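Each chain, written out:
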Amino acid sequence: MRDKADKRLWTLSIVGCVIVVLTVLFVSVKIETNNTKNRIHSTMEYIKDQYSMYNSFNEAVEARSLVRMVEKVQQTARNFKTDKQALEKEYLKQYAREQRLTGIIVLNDKNKQIAQYHTGPRFKKVLGYVMEKETLRDVKNYPQKSYMARIELKNGGYIDLASYGRKDAKGTVIGYQYVKTEYAKNNNLTIQNVLAGYKRENDGTIVITNGNDIIASNDEKLIDTKVQEDSIINEIRQSVKVGQFAIIRNGIKQYFTSLDKGRNYYIYVYAEDRNLVKTLTSNIGIAVILYGIFVAILMMIKARSNQQYERIQKQREEEYKKELEKSAKEAKKANIAKTEFLQRMSHDIRTPINGIRGMVEVGDYYKSDIEKQSECRKKIWEASGFLLELINEVLDMGKLESEEVILERRSFNFFQLFQEIRTVIEKQARERGINIVVHKYNVIHEDLIGSPVHVKRVVMNILTNAIKYNKNNGKICIEFNEIQKNYNTIIIRFKCEDTGIGMSESFQKTIYEPFAQEKAGARTVYGGTGLGMPITKSLVEKMGGTISFESEQGVGTTFYIELPFQIDHNIKHEELKTKEIKKASIKGVNVLLVEDNELNMEIAEFVLESAGANVIKAFNGKEALEIFKESKLGEIDIILMDVMMPVMDGLEAARYIRWSNKENARDIPIIAMTANAFTEDRRRVLEAGMNEHLAKPLESDADMEKETNEKILKIQSDLATNMEKLLKKQEEQNNNEIESLKQDFKEHHSEYAKQILERVIKV
C-alpha cells in the first residue's frame, strides 16, 4: 500500500509539475507575445518618425547646398560681364577658387564648350550630364532662370551642379562642386543612424529598404544587399500585410514579424520566438542551475584566457616599443642626413649661381678686355658644369629610388669607353698632381653588349672619388681583368686603389646610404652631395654585378667591381662606323630647327651655323609640321626637334611627319633635342618615329657636330645593312623574293634618303 501511495504521489507530483510547467509556459508565451508585439509596433513607429526627420533634414541640407551653388554660378556670370579676360583659364581658375568650385564650364549660344577649368577626375561625368540635359542648357534663353541638380555617385559622394545664362554674351555658365564620400557622410544624416542603439538580441532584426535594396539594418551583414537575397524578408512580403503583426515560419525557425511602409521606403522587423521569450527559461530551475554552472566554467576559462592574453599583449607591447625606438632612431638619423644634405645643396647650388652672376658683372665691367672676357666665360662654363652635374646626380638618385632607370642593351667597345673616361679623369688628376697608373689591362673581348652609359657612370664615380679624396701628388692604380664564363658571357673585374684619406670604420657602414658623407677635410674642399656611392651601388646591382671595398683611414681605399657582359661577336660593322665618323661634316646641310625656348633656339642656331649648316626655325611642333609639308624635295635635309613644346610636342609632331603623304616623310632623319637624358626617354623618342636624340645642354659646336654626325651615321649604317641584305638575297633567292625585297627597300629607305645622307656625310 505504501509503495502504491509513493507511486501515486510521484505520479501526482510529476503530473502537477507538468501542469504547472505547461501553465507557466502558456501564460509566459502569451505575455511575451503581447510584449513583443507592442515592442515591435513601438519600434516601427519610432523608426518611421525618425525616418521622416532624416528625409526632411537631408532635403533641407540639399536645398541649401543647391541654392548656394546657384548663387556662386550667378556671381561667376556677373564676373564674366565685368572682366573681358574671364574666359582665360587662369581667370576661370581664380573664379573657381573664389567660389570654392571644383570646375567651371562655359558654353556659347550653340551649346559648344568654349572654356573650362576643373580639378579632380569628375569632369567627364559632369560634361556628359550637361550634354544630356536640355533644360540645363536652356537657361541661356531665360535671363532670370537657373538650373540646379545633385548627381549621386556610386561611391557615396555627390556632385552639386548649377547653370545660369551668361551676362556678357549669349551662352551658359555651368559650375559644379564635387563632394567626396567622407564629407558627404559627415554633411548628411544616414538612415543607419536611426537604428543606433537597437540590438538584435533584444529588439530583433530591423531592416529598411527602398523596394529593391536594403539601405539600413541593425544586422551589418544585410546592409547594401538586395531584398531578393534574404529569404525571411521575401516570406514577410508574401505573407504579411502592411501594419499587421504576424508569426511566420522560415525553414525550421519561427519569427514574430511586422511590416510597415512609408513614402519611398519599407520597414521590416522580425525576431526569432526563442530569442524573445528568454524569460521562460527563468521558470525552470534546472536551466538556471545549468546556466550558472556554464557561466562559472566560462568565467574560469575566460579568466585564464585573459591572463594568457595579457601576457601575450605585454610581450607584444615590449617588442613593438623596441621596434618603435629602432624606427625612431633610423628616422632621426635619416632626417639628420637629409637636413645636412639640404644645407649642403643650398650651399652647393648657390655657390655656382653666385659665381655665374658675379662673372657676368665682372665681364660687363671689363667690356674691352678680351683676356678678362675669356677668363669670365671659362669660369661661367665651369660653374654651370658643376651645377649641371649636381642636378643630374640628384635626378639619377630619384630615378633609381623609384626604379625608373632602364638599362640599355647595345654594342660598344670597352677599350674606347675606357679611353673616354681616362681622357676626362687624367685632366682632373693633373690639376692636383695625381698620377694615374693602369697597372693591368687584361680584357680580351672588348666588343661587348650592355649599357655603356651606366658602365661609364659607375667607373667615373669611383675614379672621381679616388681623385677627390686623394692627397696632393698622390697615386691611383687601375686594373681591368676579364673572367670568361662561357662563349657568350664574360665578367670584367675593375679594381681602383688610391692613396687618399681613406674612411673610418664607422663611415664604412653607411657609405651606401643616400646623403651620407664623412666630415673629412677633403669633403669641405671638394664638396659633393653624398649620392655618388648610393647611385654607383644601385647601378652595379641593377646590371647584375657586385661592388666591395677595403679602406683604412689615412692610408687609402681600394674598390672592387664585377660586371657581367655579353660578347658581341659581330664587330666588323662597328669598326667601319668608327672610321666613318671622323670624316663626317654638316656643312651645307639644311636643318629644320624646332625649339620653343628663344634662348635655347639662339644657342642651337649659333652652334649649327658655326658648323656650316643652314637653319630653318620653327617654335613648336605644329609650325614644324606645316613647314615640312610645304617644303620642296631637298629643301630640308634633317630635323632637330625639341620634345617638350606647347601647341604640339616633338613626339606628336614626329608621328604626324612619319604619317604624312610627303615623299620623304619616312626617310628624313629626325633627331630629338631633350633635356631628359635617361634611357627611357631615348626609348620614347624612338617609338615616336625619331631616329636618335641629343641631350641638352649643347656644350659646343664641335660636340654638337660630332654627336649629330654620330646619329646620322647610325641611320646611314642601317641603310647600308639593309642594302647588303638585299644584294645577298639577290644571289640566293628567286626573282619573286628579289622583287619583294626591292619593294620593301623602296618603301622604307628611298633613294632620296640615300642621296641626302651622302650629302650630309660628305664621304
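The model shown is predicted, which means the values in this text are computed figures rather than measured ones.

Q: Hey, could you run me through the overall build of the protein chain in this one?
A: Assigned secondary structure in the protein chain consists of 24 helices and 22 strands. When contacts within the protein chain are restricted to residue pairs at least 6 apart in sequence, those whose partners lie at least 24 apart make up 63%. In the structure as shown, the protein chain presents an accessible area of about 45100 Å², 51% of it carried by carbon and sulfur atoms.

Q: Just to check I follow, could you spell out helix α20 (residues 650-659) for this structure?
A: For α20, the set of buried residues is Gly650, Leu651, Ala653, Ala654, Ile657 and Arg658. Looking straight down α20, one finds that the buried residues subtend no more than 160 degrees of arc, so they occupy a single side. Where α20 begins, the side chain of Asp649 points an oxygen toward the backbone nitrogen of Leu651, at a separation of 3.2 Å.

Q: Explanation requested: the sheet that holds strand β6 (residues 205-209) in the structure shown.
A: One key point about sheets: their strands pair by backbone hydrogen bonds, in either a parallel or an antiparallel sense. Across the sheet, five strands lie side by side as β7-β6-β10-β9-β8; this open sheet has antiparallel pairing. Edge positions in the sheet fall to β7 (214-217) and β8 (245-250), since each has one partner strand and no second. Sheet twist, expressed as the average angle between the axes of neighbouring strands with direction ignored, equals 30 degrees. Two elements, strand β9 (residues 253-261) and strand β10 (residues 266-272), share seven bridges in a ladder whose sense is antiparallel. If you follow Leu259 over to β10, its bridge partner there is Tyr268. Lying over the sheet, helix α8 (residues 231-239) contacts β6, β7, β8, β9 and β10, oriented at roughly 130 degrees with respect to β8.

Q: Would you mind showing me how to read the pairing of strand β3 (residues 146-152) here?
A: Here β3 pairs with strand β4 (residues 158-165) via seven bridges, running antiparallel. Residue Tyr147 lies in a different strand from β4, and its bridge partner there is Ser163. The loop that links β3 with its antiparallel partner β4 comprises five residues; one of these, Gly156, has a positive phi angle of about 100 degrees.

Q: I'm lost on the environment of Arg409 in this one. Help?
A: Mapped onto the elements of the fold, Arg409 is located in the loop between α11 (370-401) and β11 (410-413). Put simply, Arg409 and Pro452 are 43 residues apart on the chain and 8.5 Å apart in space, counted from C-alpha to C-alpha. Discounting chain neighbours no more than four positions away, the residues touching Arg409 are Ile449, Gly450 and Gln566.

Q: How should I be thinking about helix α13 (residues 452-468) in this particular structure?
A: Residue pairs three or four apart in sequence face the same way in an α-helix, which turns once every 3.6 residues. In this model, α13 (17 residues) spans 23 Å end to end at C-alpha, consistent with the 24 Å of a helix rising 1.5 Å per residue. α13 sits mainly inside the fold: 13 of its 17 residues count as buried.

Q: Looking at this structure, how should I read the pairing of strand β13 (residues 447-450)?
A: Successive side chains on a regular strand alternate, one facing one side of the sheet and the next facing the other. Going residue by residue along β13, you find Asp447 and Ile449 tucked away on one face and Leu448 and Gly450 tucked away on the opposite face as well. With four bridges connecting them, β11 and β13 associate as antiparallel partners. Bridging from a neighbouring strand, Arg410 pairs with Gly450 of β13.

Q: Looking at this structure, I do not really get the confidence of the model for the protein chain. What am I missing?
A: Low pLDDT means the predicted coordinates in that region are not meant to be read closely. In this model, the protein chain carries an average pLDDT of 76, and 74% of its residues clear a pLDDT of 70 or more. Confidence, expressed as mean pLDDT per element, reaches its minimum in the protein chain at helix α24 (residues 751-761) with 43 and its maximum at strand β15 (residues 489-498) with 94. The low-confidence segment residues 573-583, where pLDDT is below 50, has 11 contacts with residues more than four positions distant or belonging to other chains. In the predicted structure, residues 744-763 sits below a pLDDT of 50 and forms 42 contacts with residues beyond four places in sequence or in another chain.

So, how was this worked out
- Residues numbered from 1 in each chain as written.
- Predicted model: local features only at pLDDT ≥ 70, side-chain atom pairs only at ≥ 80, totals over all residues.
- Heavy atoms only, no water.
- Helix = DSSP H or I, 4+ residues; strand = E, 2+ residues; numbered from the N terminus.
- Contact = heavy atoms within 4.5 Å.
- Areas by Shrake-Rupley, 256 points an atom, 1.4 Å probe, with all protein chains shown as cover.
- Buried < 20%, exposed > 50% of the residue type's maximum accessible area, 1.4 Å probe, protein only.
- Arc of directions from axis to C-beta.
- Polar contact = N/O pair within 3.5 Å; in protein donor to acceptor, adjacent residues only side chain to side chain.
- Pairing = 2+ DSSP bridges.
- Axes fitted to C-alpha atoms, helices over the stretch in contact; angles between N-to-C directions.
- Expected span 1.5 Å × (residues − 1).
- pLDDT = per-residue confidence, 0-100.

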